[in-house]
Amino acid sequence: MADPRFFRNAGPFTLARLAELSGAEMAAGADAERSFDDVAPLDTAGPTQFSFLDNRRYVDQFALSGAGGCVVHPSLAARAPQDMALLLSADPYRAYAAIAAAFYPEPDCEAVIHPSAVVDGTAQLGPGCRVEAGAVIGARVELGARCHIGPNAVIGEGVVMGDGCRLGACASVSHAIIGNRVSLYVGVRVGQDGFGFAMGPQGHRKVPQLGRVVIEDDVEIGANSTIDRGAGPDTVIGQGTKIDNLVQIGHNVRIGRHCVIVSQVGISGSSRVDDFVAIGGQAGLTGHLRVGTGAKIAAQSGVMRDVEAGTTICGSPALPVTEYWRQQAVLGQIARKKGRP
Amino acid sequence: MADPRFFRNAGPFTLARLAELSGAEMAAGADAERSFDDVAPLDTAGPTQFSFLDNRRYVDQFALSGAGGCVVHPSLAARAPQDMALLLSADPYRAYAAIAAAFYPEPDCEAVIHPSAVVDGTAQLGPGCRVEAGAVIGARVELGARCHIGPNAVIGEGVVMGDGCRLGACASVSHAIIGNRVSLYVGVRVGQDGFGFAMGPQGHRKVPQLGRVVIEDDVEIGANSTIDRGAGPDTVIGQGTKIDNLVQIGHNVRIGRHCVIVSQVGISGSSRVDDFVAIGGQAGLTGHLRVGTGAKIAAQSGVMRDVEAGTTICGSPALPVTEYWRQQAVLGQIARKKGRP
Amino acid sequence: MADPRFFRNAGPFTLARLAELSGAEMAAGADAERSFDDVAPLDTAGPTQFSFLDNRRYVDQFALSGAGGCVVHPSLAARAPQDMALLLSADPYRAYAAIAAAFYPEPDCEAVIHPSAVVDGTAQLGPGCRVEAGAVIGARVELGARCHIGPNAVIGEGVVMGDGCRLGACASVSHAIIGNRVSLYVGVRVGQDGFGFAMGPQGHRKVPQLGRVVIEDDVEIGANSTIDRGAGPDTVIGQGTKIDNLVQIGHNVRIGRHCVIVSQVGISGSSRVDDFVAIGGQAGLTGHLRVGTGAKIAAQSGVMRDVEAGTTICGSPALPVTEYWRQQAVLGQIARKKGRP
């Protein structure tokens, strides 16, 4: 059970209702009226709790689970314990997401501006906005409906946010135009000057950074990540893209739609990443690159050249994945041979 | 001398007293009543100051040092200058830690809640807590005795902290249960949602993150590090573990006791790290791994498989350390040979 | 045109005036009285806008640009479209920096202390300082003239800053002595304890960190970077050095003058970096190293040994750049050969 100090449970739900909410199908013979009062992981779930199997690594745990119900891919349904009520889905993790969101919906938060918040008189806040203690909202800021601004967060002059946005505690945003349903997590930094200097032996001269950050709808940016504003062009994060914690996005970078960028990635200035690109943790991209649609960049890769759409690359410097692993294998063989007496 | 603008010196102490405080032994013939008024590094210490030698790299500095006293391993004592008063210890750095803490104890801070702090009426603060300006403490928070909450720090609803905890300036904590004597440094982010999405061609759906962060006694977490809460299970940081700055810990990760995790490490979701593991800076672990007790992971390693207890690994992808260096050596040999005319 | 919500344009300027401001020369036959009302990138600039060409990668864009004027290296001037007014400079990016700063000067900000800021009665603020909402300034802090302290930023007891410094929103500084014209960006952490523990099987004992952070004139430190204070000696950042976002600088590190340190670099304790060193993104340096003047360390390098002045190194573990690329080439050849049937 999720800790009631932090989460409020909206259950119970019947199996039929969970099927409806998630778009999954009830397995043949399942009891549509069986009731579930919570979600839980496979290894701890009990008979009134609902779970999911998404990663084959956990199929043995599934077979032994005490969960009363589970959403699972049809191909693995046969491994279920006898008394388990099953929902079948081609995408069980997505179905579970809907089920968990039904049990634990985002709490409605009261629309109130805390008296210790400092909201400039020229800022415009849409209906239903909530501004927590100590938050600071600058001149001419425009927030849409139902935005939630966390404690001690800071929004600089002129920033625009759409409806349903969330800004986490202690985060700061400036020089940015932000769409709807965007979540900027705790400690995020959006809109500060990029790293632009004219280098020289007499010292490095700052180059004014005159662009903005444009963040499209449904983007999430993780804790303590940093998104610099453009130097002249804008920095753009495309619709639906999800960025993890401690990620660095340099000035003028353009990221497409529905990308997934894992923790501690760094993308240098003026690079362009097309739609549905996935970038593994700690990978780095140099500046002025182009990464094509659907490309996959493995964790810790060092990308120094353009990446073609649909390809997977790996290593530092990054290579096509098969080439990378062939090199690793060959190096291992040679080293073993040399190691022999 | 430590800058009196920032530190208050509680000295002087006699050699005998420093021996007692640190558990080190006075060298034969040392003057027990010799008095020291400060600690200082070997290269700058004067005749009334006390120093330490821990790293053999600095043994020449030791031999030439003007320090009046020094704690040193018995095997290096013979290298000391003639007038230096010696304490002998099998672990001189630990002994020095005790001596430095005697000269510069943590200042007692007055138990007061700054009038600009916002403390919810349902929060319970133990005796001796200090809450600095602008801090925000949410509903139903429970703090033990003598906690120190820094300026503009934020504690979310329902968070529990034990006795003697410190939360740095501008740090934020939510969804967390925290033990005693835990230090969360400036800018730390604990308890935000993990990076959980059901990916798909029509976009990525957020999966509710229903776990907590559990931090055991005597943990320290460095500046701007991020610890995501669990997705269902908890994220756990075991007793005595020390985490450096800018480290990312993903959801459901379980870290054991007395681990040392250096700056900019990233540990992906659901991995499990056993006790006394050391992880060098910028190393990355993929998800769902197990790292055995006492394993050592070198800086910048990329860990893609389980790591056996007591082993040392290195490289990206990480290999057993001897294998890694053999590969590096062989590659160097071949490249040199090919480079010849 | 830079978005007027965020930037105020101080133009127009004549070509002659831009030449004067930037130190560039008017090309033969250029119309000194031609007027420009803005700066813009080559690909979007119109006939009344001024641009720059610095990177040969964009020379085709230059040749097709609709910009009314441009500053360019003399060797590329022949590629300009016919109607473009040219300024010539051996360092066009530096000239552009001056031009852009003329169009968009740093706004004068009114010297005012926001009523919600908390400034200790013993702090001394020079003339012209601005302190934003929610900022907290501790006891005995000394700020020079015209410092700008951002919203919800925190300055700890005893910190000294010179003239014209900027501290970004939600940043925190303690135990630091800071020169003139230093910019610490949003979320920066300066002066917290370094990662100093006496490790041991019975747990790790904290070693008091008794040094400071000394930051010389004209340093910039990017968003969410962390600079630990010294353990005994100071941590020092030399004059004119520019540090990007999410960089970690360990205790006792000494960085020289005019270095450039790109995002997500980590420098471990007690290392020393001389003047004019450039370190690429995500590189890591182990502790107790020396990096000589003018050395270049490529992105993602792992530096385990001293680096000689003027050399370029690459890879993890880092090697001289030619050796590194020879190894990569040889490995590629062998792998291709083995891959053949």
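No experiment lies behind these values; they were computed from the predicted model shown. (Residues numbered from 1 in each chain as written. Chains lettered and ligands numbered in written order. Predicted model: local features only at pLDDT ≥ 70, side-chain atom pairs only at ≥ 80, totals over all residues.)

### Points about the overall build of chain A
Worth spelling out the cut-off: Strands are runs of DSSP state E lasting at least two residues, helices are runs of H or I lasting at least four, and both sets are numbered from the N terminus onward. Three exposure classes are used, based on other C-beta atoms lying within 10 Å of a residue's own C-beta, which is placed from the backbone: buried for 20 or more, exposed for 12 or fewer, and partly exposed in between. Residues are defined as contacting one another if the C-beta atoms placed from their backbone atoms lie within 7 Å.
Across its full length, chain A carries four helices and 39 strands. Once the C-alpha set of chain A is aligned to its principal axes, its extents read approximately 75 × 75 × 35 Å. Buried residues in chain A amount to 58% of all 341 residues. Contacts spanning at least 24 positions in sequence make up 22% of the contacts within chain A whose residues lie at least 6 apart.

### Some thoughts on the sheet that holds strand β35 (residues 290-291) of chain B
This is how the line gets drawn: Pairing between two strands is assigned when DSSP locates at least 2 bridges connecting them.
Overall, parallel pairing links the nine strands, which are arranged β9-β12-β15-β18-β23-β26-β29-β32-β35 (chain B) in an open sheet. On the outer flanks of this sheet lie β9 (124-125) and β35 of chain B, each paired with one strand and no other.

### Re the sheet that holds strand β4 (residues 38-39) of chain B
Residue and element names in this part refer to chain B. Spelled out, the test is: Simply put, an axis is a line fit to the C-alpha atoms, just over the touching stretch for a helix, and the angle between two N-to-C directions goes from 0 to 180 degrees.
Strand order in the open sheet formed by five strands is β2-β7-β6-β5-β4, and the pairing between neighbours is mixed. At either end of the open sheet lies a strand with only one pairing partner, and these are β2 (25-26) and β4. Where strand β6 (residues 69-72) lies against strand β7 (residues 85-88), four bridges are found, and the strand directions are parallel. Looking across to β7, one finds that Val71 is bridged to Leu87. Against the sheet, helix α3 (residues 92-103) contacts β4, β5 (49-52), β6 and β7, and its axis sits at roughly 140° relative to β6.

### Looking at the interface of chain A and chain C
Under the convention used in this document: In this classification, Asp, Glu, Lys and Arg are treated as charged, Ala, Val, Leu, Ile, Met, Phe, Trp, Tyr, Cys and Pro as nonpolar, and every other residue, Gly included, as polar.
Across the boundary between the two partners, chain A contributes 45 residues, which contact 51 residues of chain C. Going through the elements one at a time, β21 (197-198), β22 (205-206) and α4 (321-339) of chain A are the ones with two or more residues in the side of chain A that touches chain C. Looking at the side of chain A that touches chain C, the element that brings in the most residues is α4(A), giving five residues. Taken together, the residues that form the side of chain A that touches chain C break down as 15 nonpolar, 23 polar and seven charged.

### Some words on the interface of chain B and chain A
At the junction of the two partners, chain B supplies 45 residues and chain A supplies 51 residues. At the level of secondary structure, the elements contributing two or more residues to the side of chain B that touches chain A comprise β21 (197-198), β22 (205-206) and α4 (321-339) of chain B. Of all the elements, α4(B) adds the most residues to the side of chain B that touches chain A, at five residues. Looking at the side of chain B that touches chain A residue by residue, the class counts come to 15 nonpolar, 23 polar and seven charged.

### Some thoughts on the domain arrangement of chain A
Put simply, the rule is: An automatic or database domain assignment provides the domain bounds reported here.
As far as domains go, chain A holds domain 1 (13-103) and domain 2 (171-341). For domain 1 of chain A versus domain 2 of chain A, the distance between C-alpha centres works out to 36 Å.

### Looking at the relation of the copies chain A and chain C
Where we set the bar: Our superposition of the copies is a least-squares fit, built on the C-alpha atoms of residues whose pLDDT is at least 70 in both.
In screw terms, the move from chain A to chain C is a rotation of 120° and a rise of 0.0 Å along the axis, fitting with an RMSD of 0.0 Å. Classification of the inter-copy transformation places it as that of a three-fold axis. Interface overlap between copies: only 18% of the residues of chain A at the interface are likewise at the interface in chain C, consistent with a contact formed by different surfaces.

### What to know about the packing of helix α1 (residues 15-22) of chain A against helix α3 (residues 92-103) of chain A
Residue and element names in this part refer to chain A. Counted only if it meets this: For classification purposes, an angle smaller than 35 degrees is called roughly parallel, one larger than 145 roughly antiparallel, one from 65 to 115 roughly perpendicular, and anything else oblique. With the far helix as reference, a near helix turned anticlockwise by less than a right angle produces a left-handed crossing, and one turned clockwise produces a right-handed crossing.
Running from amino to carboxyl end, α1 crosses α3 at an angle of 120°, the nearest separation of the two axes being 8 Å. As the angle between them shows, α1 and α3 are arranged oblique. The crossing of α1 and α3 is right-handed. From α1, Leu18, Leu21 and Ser22 reach across to α3, where they touch Ala95, Ala98, Ile99 and Ala102. For the contact of α1 with α3, the residue count by class is six nonpolar, one polar and no charged.

### Some points on the relation of the copies chain B and chain A
Taken as rigid bodies, chain B and chain A are interconverted by a rotation of 120° and an axial shift of 0.0 Å, the fit giving an RMSD of 0.1 Å. Of all interface residues in chain B, a mere 18% are interface residues in chain A too; the two copies therefore contact each other through different surfaces.

### Focus: the pairing of strand β5 (residues 49-52) of chain A
All names here are of chain A. Side chains of β5 alternate between two faces, with Gln49 and Ser51 and Phe50 and Phe52 buried alike. Relative to β5, strand β4 (residues 38-39) runs parallel, the two being bridged by two bridges. For Val39, the partnering residue across the bridge sits in β5 and is Phe50.

### Remarks on the environment of B:Ala283
Residues and elements named next belong to chain B. Considering the arrangement of structural elements, one finds Ala283 in the loop between β33 (278-279) and β34 (284-285). Between the C-alpha atom of Ala283 and that of Ile297, which follows or precedes it by 14 residues, the distance is 7.5 Å. When sequence neighbours within four positions are dropped, the list of residues in contact with Ala283 reads Val265, Ile297, Ala299, Gln300, Ser301 and Val303.

### Some words on the pairing of strand β7 (residues 85-88) of chain C
Taken residue by residue, a regular strand's side chains alternate between the two faces of the sheet. Residue and element names in this part refer to chain C. The side-chain alternation of β7 yields two buried faces, one formed by Ala85 and Leu87 and the other by Leu86 and Leu88. As paired elements, strand β2 (residues 25-26) and β7 share two bridges and run antiparallel to each other. The residue of β7 that forms the bridge with Met26 is Leu87.

### Details of α3(B)
Residues and elements named next belong to chain B. The following threshold applies: A helix is expected to span 1.5 Å multiplied by its residue count minus one.
Over its 12 residues, α3 runs 16 Å from end to end, which matches the ideal 16 Å to within 8%, given 1.5 Å per residue. Counting buried residues along α3, 10 of its 12 residues qualify, which places the element largely inside the surrounding structure. Listing the buried residues of α3 in full gives Pro92, Tyr93, Arg94, Ala95, Tyr96, Ala97, Ala98, Ile99, Ala100 and Phe103.

### What to know about helix α1 (residues 15-22) of chain B
Our working definition: Our arc is simply the arc of the directions from the helix axis toward the C-beta atoms.
All of the buried residues in α1(B) are B:Leu15, B:Leu18, B:Ala19 and B:Ser22. The arc that holds every buried residue of α1(B), seen down its axis, measures 105°, which confines them to one face.

### Considerations on the confidence of the model for chain A
Using the following cut-off: Note on scores: pLDDT gives the predictor's confidence for each residue, bounded by 0 and 100.
Mean pLDDT for chain A: 96, with 99% of residues reaching 70 or above. Reported for the predicted complex are a pTM of 0.97 and an ipTM of 0.96.

### Overview of unusual backbone geometry
Residue A:Pro317 is reached from A:Ser316 by a cis peptide bond, and omega for that bond is 5°. By the element assignment, A:Pro317 lies in the loop between β38 (312-314) and β39 (319-320). Although it is not a glycine, A:Gln264 sits at a positive phi angle of roughly 70°. Note that A:Gln264 resides in the loop between β30 (260-261) and β31 (266-267). For A:Gln264, a count of 30 C-beta atoms within 10 Å corresponds to the buried category. For B:Asn252, which is not glycine, the phi torsion reads 75° and is therefore positive. Of note, B:Asn252 is situated in the loop between β28 (248-249) and β29 (254-255).

### Describing the environment of A:Thr48
All names here are of chain A. Relative to the helices and strands, Thr48 resides in the loop between β4 and β5. For the pair Thr48 and Thr122, spaced 74 residues apart in sequence, the C-alpha to C-alpha distance is 53 Å. Beyond its immediate sequence surroundings of up to four residues, Thr48 is in contact with Phe36, Asp37 and Gly68.

### Section: the environment of A:Ala27
Residues and elements named next belong to chain A. Note that Ala27 resides in the loop between β2 (25-26) and β3 (35-36). Ala27 sits in the buried class, given 20 other C-beta atoms within 10 Å. Each C-alpha atom, one on Ala27 and one on Asn252, is 50 Å from the other, the two residues being 225 residues apart in sequence. Dropping the residues within four chain positions of it, Ala27 is found in contact with Ala77, Leu86 and Leu88.

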